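Structural description and commentary
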Amino acid sequence: MKPENLLPLAPAQAFCLNPDCPAKGQVGQGNLGVHSHKERRFVCHLCHQTFSARKGSVFYRLQKEAALVTQVLTLLAHGCPVQAIVVAFQLDERTVRDWLAKSGAHCQAVHEHLVEQPQDLGQVQCDELRVKAQRGVLWLAMAICVRTRLWLGAEVSPQRDGQLIERLIQRVKRCASALGGPLLFCMDGLASYPPTIKRVFREKLPRTARGRCQLVEWPRLLLAQVVKQYDGQRVSGVARRIYQGTSAAVAAVIQATQGVGAINTAYIERLNGTFRSCLSSLARRTRALTRTSASLHAGAYLVGTVYNFCTEHTSLRLPGLVGGHKWLGRTPAMAAGLTTHCWSVKELLSYRVPPARWRPPKRRGRPSAALKELIKQWG
Ligand SMILES: [Zn+2]
């Protein structure tokens, strides 16, 4: 028997995943029971469907044991090349690539559910990585929140163009709160950043007259650029310029989010270094080149989510007061208040993202008594 089969099934902590079930995604409502301890299946008493306890996790419908899958994905998220895993664990290369793709999609869903929540970001830094692929070049654009070191997501494109930047900025906007304090963007000199940020960070005003809604830019949006001059391979000079906002407002955000310092992109550049060491296809002068933009996207989400939830960051630790610990380690997700503990990789891979709440179907006429009862309880 596999070790995880010895763990008790807990219907009180699970939820129904049937997209048509009124109770979908709701925990502890008493609609779930155990269908089979041996097969590890739950039953929903409302929609009468049974489902595996693994459904919604990376391990669903995988033949190998969860412990092996976790071990392989932990290695992949820390820079181990696929070929080394194939040889060490006697697995088929297609199996390992399939697990990587599956875990990338899962981590992206976890990221969109937990990280893409309105929060006060303070200072955000953006940058693009040039990635050598088997056919040509790919660009990986990423963003980081400086105060919490939280990775805010990534986008991949064959071109370093406005569309790539727009998709990245849309992601950052989903993580930001319009009601928070000033929001400072620090980025390189790529011309498409400032107009894209100003276009994306707008909200609709309530309509007062006929025609299109008026859009207003977020208040207290600050934009700063760091442009490096190169002499061959070496940096010969750095020009810092403020595109929008006053130097006093920019300095105040930098003071509040990182302490002393000037306008910089050091935090995102440090994160680029972490990604280069944690994703084997991003290493410089490697022969383990990425094949497709989809595999680079999946790898980036696996590494980024493991970085956010499973890796304690030295600069985020706090002096400990209880239990005799000298320091209390914190992950970026803990610093951002998204979770209270450092997750294991298995916990991340088994996390089940709840589906959106049930919406009653739109029908003509008066709802039936049975539908009214469902709406009252679950709607
Ligand atoms: Zn159900």
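Up top is the structure these notes are about.
Report follows, based on the coordinates. Every chain's residues receive numbers from 1 upward, in the order its sequence appears when written. Per-residue local features are limited, in this predicted model, to residues with pLDDT of at least 70; the limit for side-chain atom pairs, both in listing and counting, is 80 or more; totals at the level of whole chains, interfaces and linings are taken over all residues. Computation of side-chain values covers all heavy atoms of the structure but excludes hydrogens and water.

**Focus on the pattern of salt bridges**
Counted as salt bridges are all cases of a side-chain nitrogen of Lys or Arg within 4 Å of a carboxyl oxygen of Asp or Glu. With the rule as written, the count across this model stands at 14 salt bridges. The salt bridge partner of Glu112 is Arg171, with a shortest N-O separation of 3.2 Å. Remark: Arg171 occurs in helix 4 (residues 162-175) and Glu112 occurs in helix 3 (residues 93-114); sequence separation between them is 59 residues. Exposure is judged per residue with a 1.4 Å probe applied to protein chains only, and the accessible area is read against the type maximum: over 50% gives exposed, under 20% gives buried, and values in between give partly exposed. Residue class for Glu112 comes out partly exposed when judged on its relative accessible area of 33%. The class of Arg171 is buried, set by a relative accessible area of 5%. A salt bridge links Arg167 to Glu155, with the nearest nitrogen and oxygen atoms 2.8 Å apart. Of this pair, Arg167 sits in helix 4 while Glu155 sits in strand 6 (residues 150-157), and the two are 12 residues apart along the sequence. On the accessibility criterion, Arg167 (34% relative accessible area) is partly exposed. To qualify as a helix, a DSSP run of H or I must reach at least 4 residues; to qualify as a strand, a run of E must reach at least 2; elements of each kind are numbered from the N terminus.

**Observations regarding the nonpolar core**
Residues grouped as a nonpolar core are buried Ala, Val, Leu, Ile, Met, Phe, Trp, Tyr and Cys residues, joined through side-chain atoms within 4.5 Å. By size, the foremost hydrophobic cluster in this structure holds 78 residues, and its most contacted members are Phe185 and Phe201. Tallying contributions element by element places helix 8 (residues 293-310) first for this core, with nine residues. The contacts of Phe201, once residues within four sequence positions are left out, are Ile169, Val172, Lys173, Ala176, Leu183, Phe185, Val216, Glu217, Trp218 and Leu221. By size, the runner-up hydrophobic cluster in this structure holds 12 residues, among which are Ala14, Cys21, Ala23 and Phe42. Throughout, a residue-residue contact means that at least one pair of heavy atoms, one from each residue, lies within 4.5 Å.

**Brief notes about helix 4**
The span you would expect from a helix comes to 1.5 Å times its residue count less one. Its 14 residues give helix 4 an end-to-end C-alpha distance of 20 Å, which sits within 8% of 20 Å, the value for a rise of 1.5 Å per residue. Of the positions making up helix 4, those classed as buried are Leu164, Ile165, Leu168, Ile169, Arg171, Val172, Lys173 and Cys175.

**Topic: the side chain of Ser52**
One can find Ser52 in strand 3 (residues 50-52). The exposure class of Ser52 is buried, given its relative accessible area of 14%. Under this definition, polar contacts are N or O atom pairs within 3.5 Å; protein pairs additionally need one hydrogen-donor-capable and one acceptor-capable atom, and for neighbouring residues in sequence, both atoms have to be side-chain atoms. Only 3.0 Å separates the side chain of Ser52 from the backbone nitrogen of Arg54, close enough to count as a polar contact. Residue contacts for Ser52: discarding those within four places in its chain leaves Arg40, Arg41 and Tyr60.

**Some points on the sheet that holds strand 1 (residues 32-36)**
In space, the three strands of this open sheet follow the order 1-2-3, with antiparallel pairing throughout. Of all the strands in the sheet, just strand 1 and strand 3 have a single pairing partner and so form its edges. If you compare each strand with its neighbour and ignore which way they point, the axes differ by 40 degrees on average. Here, a strand pair is defined by DSSP locating no fewer than two bridges between the strands. Throughout, an axis means a line fitted to C-alpha atoms (over the contacting stretch in the case of helices), and angles, computed between N-to-C directions, take values from 0 to 180 degrees.

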